[in-house]
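Each chain, letter by letter, is given below.
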Amino acid sequence: MGKKIMVTLYRDEVAPRFDLCSEVLLVTVDATGHEVRRQDLVLAHSSADDLCDLVLDREVSTVITGGIEEEHYHYLRWKRVEVIDGVAGLAGEALALYLRGELEPGAILFPRLGHD
Amino acid sequence: MDQSTLVNLSGLDRADLPRILSALPFGVAVLDAERRTLFLNRALESLTGFSTADVAGVFCRHVLRGSFCLHGCPCLPQGGDCAQGACSESREGTLINRHRRKIPVRLTSLPILDRAGNFLCTLDVLEDLSALKDMETRLSVSASPGQMVGRCAVMEHLLRILPAVAQSDSPVLLTGESGTGKDLLAEALHRASPRARESFVRVNATPMPEALLDAELFGQAEGPGGVPRPGKFQLAQNGTLYLSEIADMPLTQQARLLRLLDEKAVLPAGGDRPMQLNVRVVAATGRDPEEMIQAGLLREDLFHRLNAVRLHLPPLRERGEDVGFLLAHYLKIFAAKFRKQVLGFSGEAQALLSAYDFPGNVRELRNMVEYAVMVCAGDMVLPEHLPLPLRFPQACAPRDAAVTPAAQNKPSGAPKPARKKA
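Residues numbered from 1 in each chain as written. Chains lettered and ligands numbered in written order. Predicted model: local features only at pLDDT ≥ 70, side-chain atom pairs only at ≥ 80, totals over all residues.

## Description of the overall build of chain A
So, point 1. When helices and strands are counted, chain A shows three helices and six strands.
So, point 2. Each helix (α) and strand (β) of chain A, taken in turn from the N terminus, gives the series β-β-β-β-α-β-α-β-α.
So, point 3. Put simply, chain A has 116 residues, and 37% of those count as buried.
So, point 4. Across chain A, the fraction of contacts at a sequence separation of at least 24, relative to all contacts at a separation of at least 6, is 45%. (Helix = DSSP H or I, 4+ residues; strand = E, 2+ residues; numbered from the N terminus. Buried ≥ 20, exposed ≤ 12 C-beta atoms within 10 Å, placed from the backbone. Contact = placed C-beta atoms within 7 Å.)

## Here's the deal with the nonpolar core
So, point 1. With 55 residues, the main nonpolar core has Ile5, Val7, Val14, Ile64, Ala94 and Leu95 of chain A together with Ala29 of chain B as its most contacted residues.
So, point 2. Non-local contacts of Ala29 of chain B, meaning those with residues more than four positions away in its chain, are made with Thr37, Leu40, Leu44, Cys60, Leu64 and Asp124 of chain B.
So, point 3. One finds Ala166, Leu173, Ala205 and Tyr242 of chain B within the second-largest nonpolar core, a separate group that totals 37 residues. (Core = buried A, V, L, I, M, F, W, Y, C linked by C-beta atoms within 7 Å.)

## What to know about the sheet that holds strand E8 (residues 240-243) of chain B
Residue and element names in this part refer to chain B.
So, point 1. Taken in spatial order, the five strands of this open sheet run E7-E8-E11-E6-E12, and their pairing is parallel. The sheet is open, and its two borders are formed by strand E7 (200-203) and strand E12 (309-312), each paired with just one other strand. On average, each strand axis in the sheet is inclined to that of its neighbour by 20°, with strand direction left out of account.
So, point 2. Of the strand pairs in this sheet, E8 and strand E11 (residues 280-285) are connected by four bridges, and their pairing is parallel. Within E11, the residue paired with Tyr242 across the bridge is Val282. (Pairing = 2+ DSSP bridges. Axes fitted to C-alpha atoms, helices over the stretch in contact; angles between N-to-C directions.)

## Regarding unusual backbone geometry
Residue and element names in this part refer to chain B.
So, point 1. Phi is positive for Arg35, which is not a glycine, with a value near 60°.
So, point 2. Along the polypeptide, Arg35 turns up in the loop between strand E1 (27-31) and strand E2 (37-40).
So, point 3. Phi at Asn238 is positive, roughly 70°, even though this residue is not glycine.

## Structural notes on the environment of Val55 of chain A
So, point 1. On the secondary structure map, Val55 of chain A appears in helix H1 (residues 48-57).
So, point 2. The contact partners of Val55 of chain A, leaving out residues within four places of it in the chain, are Met6, Val60, Val63, Leu76 and Val81 of chain A.

## Observations regarding the confidence of the model for chain B
Residues and elements named next belong to chain B.
So, point 1. Of all residues in chain B, 82% have pLDDT values of 70 or greater, and the mean over the chain is 81.
So, point 2. Across chain B, the element-wise mean pLDDT spans from 52 in helix H18 (residues 393-403) up to 94 in strand E6 (residues 172-175).
So, point 3. Between residues 399-422, whose pLDDT stays under 50, and residues either more than four places distant or in other chains, the model counts 29 contacts.
So, point 4. Under the prediction, the complex receives an ipTM of 0.94, its pTM being 0.52. (pLDDT = per-residue confidence, 0-100.)

## Looking at the environment of Ala351 of chain B
So, point 1. Secondary-structure assignment places Ala351 of chain B in helix H15 (residues 347-355).
So, point 2. Separated by 32 residues in sequence, Ala351 of chain B and Pro383 of chain B have C-alpha atoms that sit 9.2 Å apart.

## Some words on the interface of chain B and chain A
So, point 1. The partner chain A presents 18 residues to the 19 residues of chain B that form the contact.
So, point 2. When residues of the side of chain B that touches chain A are traced back to their parent elements, those giving at least two are helix H4 (52-55) and helix H5 (67-70) of chain B.
So, point 3. Partitioned by chemical class, the residues of the side of chain B that touches chain A number eight nonpolar, four polar and seven charged. (Nonpolar A, V, L, I, M, F, W, Y, C, P; charged D, E, K, R; others polar.)

## Some details on helix H16 (residues 361-375) of chain B
All names here are of chain B.
So, point 1. Between its first and last C-alpha, H16 extends 22 Å over 15 residues, near the 21 Å set by a 1.5 Å rise per residue.
So, point 2. All buried positions along H16 are accounted for by Asn361, Val362, Glu364, Leu365, Met368, Val369, Ala372 and Val373. All buried residues of H16 lie within an arc of 165° about the axis, which places them on one face of the element.
So, point 3. On its buried face, H16 sits against helix H14 (322-337), strand E14 (380-381) and helix H17 (388-391). (Expected span 1.5 Å × (residues − 1). Arc of directions from axis to C-beta.)

## Concerning the sheet that holds strand E3 (residues 89-96) of chain B
One key point about sheets: their strands pair by backbone hydrogen bonds, in either a parallel or an antiparallel sense.
Residues and elements named next belong to chain B.
So, point 1. Ordered by their spatial adjacency, five strands build an open sheet running E2-E1-E5-E4-E3, and the pairing between neighbours is antiparallel. Both edges of this open sheet fall to E2 and E3, since each of them pairs with a single strand only. Here the average twist between neighbouring strands, direction ignored, is 30°.
So, point 2. The sheet contact formed by E1 and E2 spans three bridges and is antiparallel. Counterpart to Ala29 in the pairing with E2 is Leu40.

## Digging into the pairing of E1 of chain B
All names here are of chain B.
So, point 1. For E1, a buried count of five out of five residues is recorded, marking the element as mostly surrounded by other parts of the structure.
So, point 2. Burial of E1 is two-sided: the residues Gly27, Ala29 and Leu31 facing one way and the residues Val28 and Val30 facing the other way are all buried.
So, point 3. Two strands pair when backbone bridges link them, and E1 and strand E5 (residues 119-128) are joined in this way by five bridges, in the antiparallel orientation. Note on E5: the bridge partner recorded for Leu31 is Thr122.
So, point 4. In this structure, the hairpin formed by E1 and E2 is closed by a connection of five residues, where Arg35 is found at a positive phi of approximately 60°.

## Points about the packing of helix H9 (residues 210-218) of chain B against helix H11 (residues 251-263) of chain B
All names here are of chain B.
So, point 1. Running from amino to carboxyl end, H9 crosses H11 at an angle of 25°, the nearest separation of the two axes being 10 Å. Taken together, the axes of H9 and H11 lie roughly parallel to each other. In the packing of H9 onto H11, the handedness of the crossing is right-handed. Between H9 and H11, the residues in contact are Glu210, Leu213, Asp214, Leu217 and Phe218 and Thr252, Gln253 and Arg256, respectively.
So, point 2. Its residues placed into classes, the contact of H9 with H11 shows three nonpolar, two polar and three charged. (Parallel < 35°, antiparallel > 145°, perpendicular 65-115°, else oblique. Left-handed = near helix turned anticlockwise from the far one by under 90°.)

## Here's the deal with H1 of chain A
Residues and elements named next belong to chain A.
So, point 1. For H1, every residue scored as buried is listed here: Leu51, Cys52 and Val55. The buried residues of H1 all sit within an arc of 105° when viewed along its axis, so they share a single face. Opposite the packed face of H1, turned more than 90 degrees from it, sit the exposed residues Asp49, Asp53 and Asp57.
So, point 2. Contacts made by the buried residues of H1 are with strand E1 (3-10), strand E5 (62-64) and helix H2 (70-78).
So, point 3. Of the residues trailing H1, Glu59 is marked for its positive phi of about 55°.

Have a look at this one:
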């Protein structure tokens, strides 16, 4: 059975803030983890509440985002949505890592000084 | 003294900047020309939850996660203007830290240039505004006519015009029965006025010897020990003086009040030099002012002075749907105060409350709800939780009649208690 993954976007990066994001990437993958559909949605305005509604409406099972307020995080978790938050990096890279099962909450994917 | 001498003398060229920045009580981020993070001081590490080692080299928008980062970054939209030192500016917003907490902050972005004007780095200074915002919220709650609530047309109109009335310095006359909220309205007027930071002095001209009242209100030129003693009017200098029942004020003092309104000056008792005062006067009465003039209790000229702005608070029985609204409003307040899970009124309790005409107005309604919530053990207020006069008006009527002479004129068997003349 496939599932839907939502990545909040800021340009080509994971949006640093869930509540200020005005674009999302919706990716549907099949049971084997292969991407079957990709959709870019531009939102009318940024709103964490509206985004939560969209997550539930589109039956998204995983949200990959940057900073998210505790209230919205727990709401989505309560609705049994997996939330991988605090991700800083390019959206494509974050998605690829997730599909490989290697994306952790708080992951910083940008090159860092003093890190290999 | 030129700049290089200053630097040499102060030793700034040899200063250990990271250590200095870390000792500062507000957050500082050092960023490169592309706004990648180079350094976070200790305060900012604590605010964001990130350490410098975690985020060195990461774009600041992923570290600060500020509302100003995505929409109107202080530097990025203006392109390379930072290098010319053109984009030093402050803005307020919020950040979401690593612990998912949204924090109000003020960001000041300062480009650092060398002596030749070449760009070195940017300092982002972040101040945590949580405490200020909390205080602002508390002050705005207490400054707003918050305690004055109402949804009926008359109250809505009153609350709508209140800010405009508050802004003027004209005297205000408040009328309305006892318990309708004249005192609250007077305070709300003061708090919404430009005088809000000054004193709000309430004067209750209770019966007392005239000379004493004179000294109490207008002060004494020579008090005990030869020191001038300020009266209520002097204490209200630059603020608001509230006369809670103008009809209680003797006619002599009314004449002096008239002089204050006319000349903005008072003459302290025993003095010969008038004292200039800047006081806004708000007066209230529970009686009909026109009737008081006819009865000789209120000077007509003073009435016309005070009547520049007249605000009338309607009795609760004329406020229609407000009874239900106020019941719910006070139920919520007292349930929280007594830490009880009282959710509402049962149908019977609601019917009893709706049939009652609340002669004591909002004050009586509030006291009834307080009592009901206090004695209620479940989640609904039942008739047995309501005060006796409300449940058995007829049984209580004779006792009421004994203490309220006006009640004796009430037709026998009338379901509602007599209205107390305020």
